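Examination of the molecular architecture
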Amino acid sequence: MRVAARTAASGAWCAPFIALFPILLYIYFLSALLRDRNDGEGLGEMLLRHGGNVFGKAVLFITGLFALFYCGFVLRSGADRYVSTIYPAGKPWPFVFVMLILGLIAALGPKKALVRTAKIFLPLLLFVLLLVLAFSFTTVDTGLLLPLTPNGILPLLESAFPVLNVGVGMLAYSAFLETECEKELKRAKSYALWFIPICFLISAIIAAIVGNYGAPLTAELAHPFFTMIRDVTLFNTVERIEAFMVALWVFPDFLVTALMMIVAAHSLRLCFGFNPNLGKKLSNGRWIILLDAVIIGAAAVVLPSDSAKMAKLSELYVPMANLSLTALLYPLCFAVGKIRKK
């Protein structure tokens, strides 16, 4: 949101729709990659099959390393948001390590449990989010949302980068869980129809923030969404609901942490010749999950405490690394498989 407001100014709310076309292309790419998968295979297995024992395992190893770093980054940034919004005098470490333990438990359990958890949380999060947006739009100044291209077309295109980064990452990493799913014949169509409403929702969130504060102020806020929530009043009676919303946002942090821990363990176990779908307790490479948790905790500890450095990581380095992996190496791995006719 900050990046979109900084680059596209009043036209920031258009960023999700600009990102929609490349995201749809990525959906069709993933569908093509997963079309020939066998039962028990997901994106990790298909990358290995297409890339082979050298390039495929190298891509999986890079995926594992990035997932470990990203877990640590999510834990640390989520803890900083929680502390700065609710407990400004507190420390982030209790949140970091409690969430790490919960993520470890989820990673050691069946993948279906994580999917069921997400399905339980989704209606609650969606209901609260839509309720907050409805009241936020009552104070929106539509003049702050125009013109659409105050600085030209190029900044408007640049504003789509964060949405593209999140969308591609969400699609790619969730595909690692398809080992326990049945093959879907019309996968690309169903995923495209599922993602279009998400673009409208993201656009509405950005429009509500920019429409309330204007693009210059939005670009300077540390947590624009939670700042907006602080000013929301429900039915002129309930105020200061940001603590509830930040606490509720623990659920998405947990889901992302657990997902990336599963992706890291799955990738590294494939890379080292284990079958990620087999094994109980710590057999068949499951000990890697415990090692991953240690690395994630260390990554969260060594990340900088300076907010400017964390913002640079969040807005530039982490998105670039994510897109380089998912939108460059993964398609390249697919191309290698086509050349090898695998």
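Please refer to the structure placed before this passage.
On a predicted model such as this, the values are computed, not experimentally measured, just so you know.

Here's the deal with helix α4 (residues 93–108)
Here α4 contains 16 residues, and its C-alpha end-to-end distance of 22 Å stays within 8% of the 22 Å for a straight helix at 1.5 Å per residue. On its buried side, α4 packs onto α3 (43–85), α12 (250–271) and α13 (287–302).

What about the environment of Met1?
Residue placement: Met1 occurs in the segment before α1 (2–8). Between the C-alpha atoms of Met1 and Met260, which are 259 residues apart in sequence, the distance is 23 Å. Once you skip the residues sitting within four places of it in the chain, Met1 turns out to touch Ile205, Ile206, Ile209, Thr218 and Phe225.

Some points on the packing of aromatic side chains
For the structure on display, the rule yields 13 aromatic pairs. Each residue in the set Phe66, Phe69, Tyr70 and Phe73 is aromatic and connected to the rest through ring pairs, giving one cluster. Positioned above the aromatic ring of Tyr191, the side-chain terminus of Arg187 is 4.1 Å from the ring centre.

A word on the state of the cysteines
Between two cysteines, a covalent bond joining their sulfur atoms is known as a disulfide. All told, the structure shown has zero disulfides when counted by the stated rule. Its sulfur unpaired, Cys199 is 12 Å from the next cysteine sulfur, which belongs to Cys14. By relative accessible area, Cys199 is classed as buried at 0%. Cysteine Cys271 is unpaired, with the sulfur of Cys333 as its nearest cysteine sulfur at 12 Å.

What to know about unusual backbone geometry
At Ala9, a position not held by glycine, the phi torsion is positive, near 55°. Inspection of the secondary structure puts Ala9 in the loop between α1 and α2 (15–34). On the basis of relative accessibility, which here comes to 16%, the residue Ala9 falls in the buried class.

Some remarks on the packing of α4 against α12
It is at 8 Å that the axes of α4 and α12 come closest, and there the two elements cross at 55°. Here α4 is positioned oblique relative to α12, judged by the angle of their axes. Crossing hand, α4 versus α12: right-handed. Between α4 and α12, the contacting residues are Phe95, Met99, Leu100, Leu102, Gly103, Leu104, Ala106 and Ala107 on the first element and Val250, Asp253, Phe254, Thr257, Ala258, Met261 and Ile262 on the second.

So, the packing of α2 against helix α7 (residues 161–174)
Interaxial distance between α2 and α7 falls to 9 Å at its minimum, and their mutual angle equals 25°. Here α7 runs roughly parallel to α2, going by the angle between their axes. Judged by the twist between their axes, the crossing of α2 over α7 is right-handed. Contacts from Ala15, Pro16, Ala19, Pro22, Ile23, Tyr26, Ile27 and Leu30 of α2 reach α7 at Val163, Leu164, Gly167, Val168, Leu171 and Ala172. Of the residues contributing to the contact of α2 with α7, the split by class is 13 nonpolar, one polar and no charged.

About the thresholds
Residues numbered from 1 in each chain as written. Predicted model: local features only at pLDDT ≥ 70, side-chain atom pairs only at ≥ 80, totals over all residues. Heavy atoms only, no water. Helix = DSSP H or I, 4+ residues; strand = E, 2+ residues; numbered from the N terminus. Expected span 1.5 Å × (residues − 1). Contact = heavy atoms within 4.5 Å. Phe/Tyr/Trp six-rings, centres within 6.5 Å; stacked < 30°, edge-to-face > 60°. Lys NZ or Arg CZ within 6 Å of the ring centre and 35° of its normal. Disulfide = S-S within 2.5 Å. Buried < 20%, exposed > 50% of the residue type's maximum accessible area, 1.4 Å probe, protein only. Axes fitted to C-alpha atoms, helices over the stretch in contact; angles between N-to-C directions. Parallel < 35°, antiparallel > 145°, perpendicular 65-115°, else oblique. Left-handed = near helix turned anticlockwise from the far one by under 90°. Nonpolar A, V, L, I, M, F, W, Y, C, P; charged D, E, K, R; others polar.

Shape descriptors only; they carry no functional weight alone.
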